[in-house]
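Chain residues, written in single-letter form:
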2 protein chains.
Amino acid sequence: MYRLYDFLHSGNGYKVRLLLNQLQIPFERIEMNILQGETRTKEFLTKNPNGKIPVLEISSNQFLPESNAILFYLSQNTAYFPEDNWYQAQVIKWLFFEQYSHEPYIATSRYWRSILGNTQEFQTQLEAKQDGGYQALQVMEDHLQLHSFFVNEQYTIADIALYAYTHVADEGGFNLQPYKAIKSWFKRIEAQKNYINIDQG
Amino acid sequence: MYRLYDFLHSGNGYKVRLLLNQLQIPFERIEMNILQGETRTKEFLTKNPNGKIPVLEISSNQFLPESNAILFYLSQNTAYFPEDNWYQAQVIKWLFFEQYSHEPYIATSRYWRSILGNTQEFQTQLEAKQDGGYQALQVMEDHLQLHSFFVNEQYTIADIALYAYTHVADEGGFNLQPYKAIKSWFKRIEAQKNYINIDQG
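For every chain, the first residue of the written sequence is number 1, and numbering continues from 1 onward in sequence order. Labels are handed out in written order, letters beginning with A for the chains and numbers beginning with 1 for the ligands. Per-residue local features of the predicted model are confined to residues with pLDDT of at least 70, and side-chain atom pairs are confined, for both listing and counting, to 80 or more; whole-chain, interface and lining totals are unaffected and use all residues. To get the side-chain values, take all heavy atoms of the structure and skip hydrogens and water.

**Q** What's the story with the nonpolar core in this structure? I'm lost.
**A** Soluble, globular proteins show a tendency: their nonpolar side chains are buried together. Core analysis: the biggest nonpolar cluster contains 119 residues, and A:Leu74, A:Phe150, A:Trp185, B:Leu74, B:Phe150 and B:Trp185 have the highest contact counts within it. Any two residues having at least one pair of non-hydrogen atoms within 4.5 Å are treated as being in contact. Setting aside residues no more than four positions away along its own chain, A:Leu74 makes contact with A:Tyr2, A:Val16, A:Leu19, A:Leu20, A:Leu23 and A:Leu56. Side-chain atoms within 4.5 Å are what join buried Ala, Val, Leu, Ile, Met, Phe, Trp, Tyr and Cys residues into a set we call a nonpolar core. The cut-offs for exposure are 20% and 50% of the maximum accessible area for each residue type, with area from a 1.4 Å probe on protein chains only; residues under the lower value are buried, those over the upper are exposed, and the others partly exposed. Formed by 8 residues, the second largest nonpolar core is a distinct cluster that contains A:Tyr5, A:Phe7, A:Val55 and A:Phe63.

Written out as structure tokens, the structure is:
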């Protein structure tokens, strides 16, 4: 059985939990307290030398870190990853957009504000993240005004990756009110079979 | 013929140029002056709403941004992407490591220091990037002490993605001297067929 090294509040961990649940693949979840350095211990670094969760343990000597790489791995030959090369490339493109142009603004702000609960100490950094976060939201909004999902009008791992931190962006201080297409897309995702919430282990 | 919207000093652009050259695929390179906002024009945003290079124009209505997504697209069914699912997932994992834990430190420092040429103005930001950059280099060094390439002892797009900014990390103020395994790996990459330098268009 798969084992998932995870942190319940992590959107990156949630991506994997959501897909595993939708694929109806059983797994054991191991909660790591990232706030107490549990991903930086010598033992954990043998699983992921980069010291981050999530990590999927596939077998006793196969550990896969990077949330979006895990989504890629699990979704191969399923309905959550398209068959066509061009659509596959677009899924991968959105996964990189998420990790480079979205997560460092939207997830990081949520981490400081909501998980560390330290809005005051991080005030300057939070302000510096606003423009990038809103730019990512606008790119998504513009796309979703024309499309029901991110790639080929079908629900894929691109939607899972982008949904994870977007639907809790308010916890990082982003006002989602004006993003009507994004909010409609939330509803389409939440209506998918075997959907679970971010706080479901 | 493919058209590549590019910026000659960009490591992200170089990844694509290097792979295209190694695959012996002809392409037209369109130099975009990112320092003068040429990727933020209304016209360019129709090609990539996220306003960044590189973008690969595959046909008049097919534009693919995100350097590592382009590597994925071009390498399908070639020797540069493994056939096995588990090795594929590891390639993808290193691509995300590169964009999340490496590029934002090592490439960004080089951009401020070497491309904008403004070490003084960015002194505080440059210092803040040191730890993350050296941590990424250490993860690579540890891996390369045991392996000749990043995945399955074969040269793949994971090596191309990581090589692009690592081999010019000194331009961002990182001292590569202690990283002997990384420097040996540079030589193995530079010996690959149809290798080109970063400043070759």
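Now that the structure has been shown, we can carry on.
**Q** Explanation requested: the interface of chain A and chain B in the structure shown.
**A** Interfaces are frequently sized by the accessible area removed from exposure as the parts join. Opposite the 33 residues of chain A that make contact, chain B presents 33 residues. Interface area, chain A with chain B, both sides summed: about 3000 Å², of which 68% is carbon and sulfur. Joining two parts hides part of their accessible area as seen by a 1.4 Å probe, and the buried area is that hidden amount summed over both. It is A:Trp86, A:Phe96 and A:Tyr100 in chain A that bury the most area against chain B; as a group they hold 26% of the surface buried on that side. The term salt bridge refers to a side-chain nitrogen of Lys or Arg lying within 4 Å of a carboxyl oxygen of Asp or Glu. Put simply, chain A and chain B have 0 salt bridges between them. Between N or O atoms, a polar contact is any pair within 3.5 Å; within protein, one atom must be a potential hydrogen donor and the other a potential acceptor, and residues adjacent in sequence are included only when both atoms are from side chains. Across the contact surface, chain A and chain B share 4 residue pairs in polar contact (both at pLDDT 80 or more). Counting from the N terminus, the helices are DSSP H or I runs at least four residues long and the strands are E runs at least two residues long. Taken together, the elements giving at least two residues each to the side of chain A that touches chain B come down to strand E4 (62-65), helix H3 (67-75), helix H4 (85-115) and helix H5 (123-144) of chain A. The element best represented in the side of chain A that touches chain B is H4(A), accounting for 14 residues. Residues are grouped as follows: Ala, Val, Leu, Ile, Met, Phe, Trp, Tyr, Cys and Pro are nonpolar; Asp, Glu, Lys and Arg are charged; all remaining types, including Gly, are polar. In terms of residue class, the side of chain A that touches chain B is built from 18 nonpolar, 10 polar and 5 charged.

Such coordinate-based values are descriptive only and should not be taken to indicate function.
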